[in-house]
Amino acid sequence: MVEHTGIRVVHRGGSKINFREPVITSDSRFLLCGSGESVKVYSTSTEECVHDLQGHTDLVTGVVLNPSNHLQAYSCSADGTVRLWDFTDGILIKVQLQQPSWPISDDITPSLFQLVAVHLPRSGDPEVEVGELSAVLCDVSPNPGAVSFGTGGEYIAAAKGLQLEVFFFKKQKSYRFSLKSGMNKGINNSFTCISCHPKEDCIATGHADGKIRLWRNFNQKKEYTYSTLHWHHNAVNTLRFTPEGTNLLSGGIESVLVQWRYTQENQKDFLPRLGAAITHIAVSPDGSLFCTSHADNKITIILSSVKVSAIIQGLVKDDCVRTDLMIDPRSKALVLNGKPGHLQFYSLHRDKQLYNLDIVQQEYIHEQGVDQFQVVKAAFDTHGDWLATVEERRQKSSELEINLKLWSYDEQTQSFVLNTTVTAPHEDQITAMCFSPSPETTLLVTTSLDGGLFQQQSASWSCDFVGGYHLLKPGCCCFSADGSLLAFGFQEVVTVWSPTSWELLTTLSQPPGAVRDLCFGRLSCSKYLLGTSTKNQLCCWNLLTCSCKCVCVCYSRLTHHCHLLPLVFVFKPSEPRPLFSKKALCTGKVERAIFAPRDQMLESSEEYSQWLNRSQLYFLTQHMLMVDDSVAITPFYLLLGRHKQQQQEKQELLTNPLAERTPLPQGSIAIKELLDTPAHVLPSASFLCSMFVRSLLVSSSSAR
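None of the values given here were measured: they were computed from a predicted structure.

**Some points on the overall build of the chain**
Then step 1. The helix and strand inventory of the chain stands at 4 helices and 55 strands.
Then step 2. Here the chain, with 704 residues, has 47% of them falling under the buried criterion.
Then step 3. Pairs at least 24 apart in sequence give 44% of the contacts found in the chain among residues at least 6 apart.
Then step 4. Accessible area for the chain stands at about 35,000 Å²; split by element, carbon and sulfur atoms hold 51% of it.

Next up, the structure:
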């Protein structure tokens, strides 16, 4: 099978912005944070992303301001490079390359972490190899929040487990201080985070039992002291002193920012209800702004008066996306589970959350073991006028609680408003639901493990029909494109019904394995019904002949094509041979995928890429990367790409005259596409002429 390479897979967004501590610039105008393989620069006043600094090829693991230039910042990555950026203009200045191997101390095993000092040479070259590396501390915590520099960089403190280690650079000597575990008393004294006072010799440490300890006299072993502060009822996740050292900020799972007075520990200020557990705290160099990173992939910008100024919200992704991925017909936003009890509307084009819709409408309790309502299903009607959601809660020794809610779109508020709540619509878990695409009526169908089908109409949202099939449990349902047919999957049997009369029209025998998903064909393939089973069998029924064959797995609702993940195969349901195939889409496991409509329809002439003319295919991976399967390469792109390749070949010939020159192809796809493309969408002829002529010439140096 030939793999097509004319379609690109690119990173689209949705990465974590809370992976590492953010950085606020010296003038407090911008906030920098690692986001996947890039560094994002946000405006602290407008919350907009002003620059996306791209260049790293792996996860960005840290960002720090350049102490020699307040307009520059360093970033480090798992790709082994340190890059210097001008973040105001979004320009890469320098790349520092690591040495082939990192020095490992003799008394440390490969499974442990050590702290090393990296010398960054001063050079004007764009690429510089990092100088010598020296080990500072061995066996440190992998959490960067457990390491902090002391006053003026005189010492560095690191905490791990029950031990605090302080290393003095001038003395080249370290002191270690230990705490008792306290496990026999139900106390956990383990260190979780650390922050050094900027003006005095004082180290603040956070602990798993919620306590904060202030260490002093740690420049010798015997006479050290510490005092204890306690407010947090659970582990302290992060600590940070303000630039002058007058206040200490702390945060944890309580979603409350606590500000302690340094010399008056009994006085403290609180900023509660920040929405999610605090994972990092950062302070601007002038102390005018604070910011907190949260477990729900959010950064909150806070004034020094302890008032929220702005919120930068990334894509919220739980361990399981129970609602699956949906596209809002109105805003074209991606819709999925957000923070607990909510649906999030996320712009794929702007890589920004538009808003959260509170479905459960109950205060979420951040406590383990508490059973709370969860949003498990959601569906839009064709025009986005109605939204249906299902929330459920199963408490210990009690029955399953289910609520079906119908939301109507309000033009004034530009959001959905709760219209109807149906308590206990089924006796067991709801497995699927969908709206009819028919413009004549608004019809909602739900299926449940109680074996029943449930139909409601929007006049007053009353139950219109309840049915079943031989006491089998339905698992999925789907309407045809015009709403004239409705299919249900009952374990290994597919039934096709008329939604107007609720007459059973036909049954289709599925090969062994319960039906997992169903989807009708669209456009020219509307006579087909597609289905998948738990046995990884892919079936396609011709509804005119009731014949079945295996060709595909999933269906684009915007085109008449299908795709298979993580290896992508694109079929026409009528043909067994795939139109397109691609391997190794991206790193990490693909968890969900969805087709999203394009703003403007493309006109690709290649048959294998026509399935992307109307839509784009997005992937959601475990690393929270939105991957966009974009359009096939255009003639203009092909010509520029070939021009760039020829420039590289020319440079190689200059440096190595004996290098073998790659022969030119006999035919050019770029030329063919160039001649077939309308002139009004091409650049000017004078711009393309020189490159076109050079693409036909043979270099004289190769003949010699």
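**A word on the pattern of salt bridges**
Then step 1. This model, assessed by the stated rule, comprises 17 salt bridges.
Then step 2. A salt bridge links glutamate 48 to lysine 352, with the shortest nitrogen-to-oxygen separation between them at 2.7 Å. Separated by 304 residues along the polypeptide, glutamate 48 in the loop between β4 (38-43) and β5 (49-54) and lysine 352 in strand β32 (residues 352-358) bring together distant segments of the chain.
Then step 3. Glutamate 48 gets classed as partly exposed once you look at its relative accessible area, which sits at 32%.
Then step 4. For lysine 317, the salt bridge goes to glutamate 591, with nearest N and O atoms at 3.0 Å. Here lysine 317, found in the loop between β28 (308-313) and β29 (326-327), pairs with glutamate 591, found in strand β53 (residues 590-597); they are 274 residues apart in sequence, far enough to count as distant.
Then step 5. A cluster of three or more residues bridged by salt bridges with shared partners is formed by Lys40, Asp52 and Asp351.

**Here's the deal with the nonpolar core**
Then step 1. Of all hydrophobic cores here, the largest spans 16 residues; its most connected members are Leu343, Phe345, Leu357, Phe380, Leu387 and Phe416.
Then step 2. For this core, the element with the most residues is strand β33 (residues 374-380), which contributes 3 residues.
Then step 3. When residues no more than four places from it in sequence are discounted, the contact partners of leucine 387 are Leu343, Leu357, Ala378, Ala379, Phe380, Lys405, Leu406, Trp407, Phe416 and Phe435.

**Comments concerning the sheet that holds strand β8 (residues 81-86)**
Then step 1. Within the open sheet, the 5 strands sit side by side as β6-β7-β8-β9-β11. Their pairing is mixed. Edge positions in the sheet fall to β6 (60-65) and β11 (127-129), since each has one partner strand and no second. Strand after strand, the sheet turns through a mean of 20° between neighbouring axes, direction not considered.
Then step 2. Examined bridge by bridge, β8 and strand β9 (residues 91-97) share 6 bridges and lie antiparallel to one another. Its bridge partner being in β9, valine 82 is matched across the sheet by glutamine 96.

**Describing the pairing of strand β24 (residues 268-271)**
Looking along a regular strand, one sees side chains alternate from face to face of the sheet.
Then step 1. Across 4 bridges, strand β23 (residues 257-261) lies against β24 in antiparallel orientation. In the strand pairing of β24, valine 258 is matched with phenylalanine 270.
Then step 2. Hairpin connection, β23 to β24: the antiparallel pair is bridged by 6 residues.

**With respect to the environment of valine 496**
Then step 1. When you line up the elements, valine 496 lands in strand β43 (residues 493-498).
Then step 2. On a C-alpha basis, the gap between valine 496 and leucine 529 in space is 9.9 Å, while along the polypeptide they are 33 residues apart.
Then step 3. Discounting chain neighbours no more than four positions away, the residues touching valine 496 are Leu485, Leu486, Ala487, Glu503, Leu504, Leu505, Thr506, Leu508 and Leu529.

**A short note on the sheet that holds strand β19 (residues 211-216)**
Then step 1. Spatial strand order, β17-β18-β19-β20: 4 strands in an open sheet with antiparallel pairing. At either margin of the open sheet sits one strand with a lone partner, and together these are β17 (191-196) and β20 (225-230). When the angles between neighbouring strand axes are averaged without regard to direction, this sheet yields 25°.
Then step 2. Relative to β20, β19 is paired through 6 bridges, and the arrangement is antiparallel. Of the residues in β20, the one forming a bridge with tryptophan 215 is tyrosine 226.

**Considerations on the environment of isoleucine 312**
Then step 1. Residue placement: isoleucine 312 occurs in strand β28.
Then step 2. The buried category is assigned to isoleucine 312, whose relative accessible area is 4%.
Then step 3. Separated by 12 residues in the primary sequence, isoleucine 312 and threonine 300 place their C-alpha atoms 6.3 Å from one another.
Then step 4. Sequence-distant contacts of isoleucine 312, defined by excluding residues within four places in its chain, comprise Ile17, Leu31, Tyr42, Glu47, Asn297, Lys298, Ile299 and Ile301.

What counts and what doesn't
Residues numbered from 1 in each chain as written. Predicted model: local features only at pLDDT ≥ 70, side-chain atom pairs only at ≥ 80, totals over all residues. Heavy atoms only, no water. Helix = DSSP H or I, 4+ residues; strand = E, 2+ residues; numbered from the N terminus. Buried < 20%, exposed > 50% of the residue type's maximum accessible area, 1.4 Å probe, protein only. Contact = heavy atoms within 4.5 Å. Areas by Shrake-Rupley, 256 points an atom, 1.4 Å probe, with all protein chains shown as cover. Salt bridge = Lys/Arg side-chain N within 4 Å of Asp/Glu carboxyl O. Core = buried A, V, L, I, M, F, W, Y, C linked by side-chain atoms within 4.5 Å. Pairing = 2+ DSSP bridges. Axes fitted to C-alpha atoms, helices over the stretch in contact; angles between N-to-C directions.

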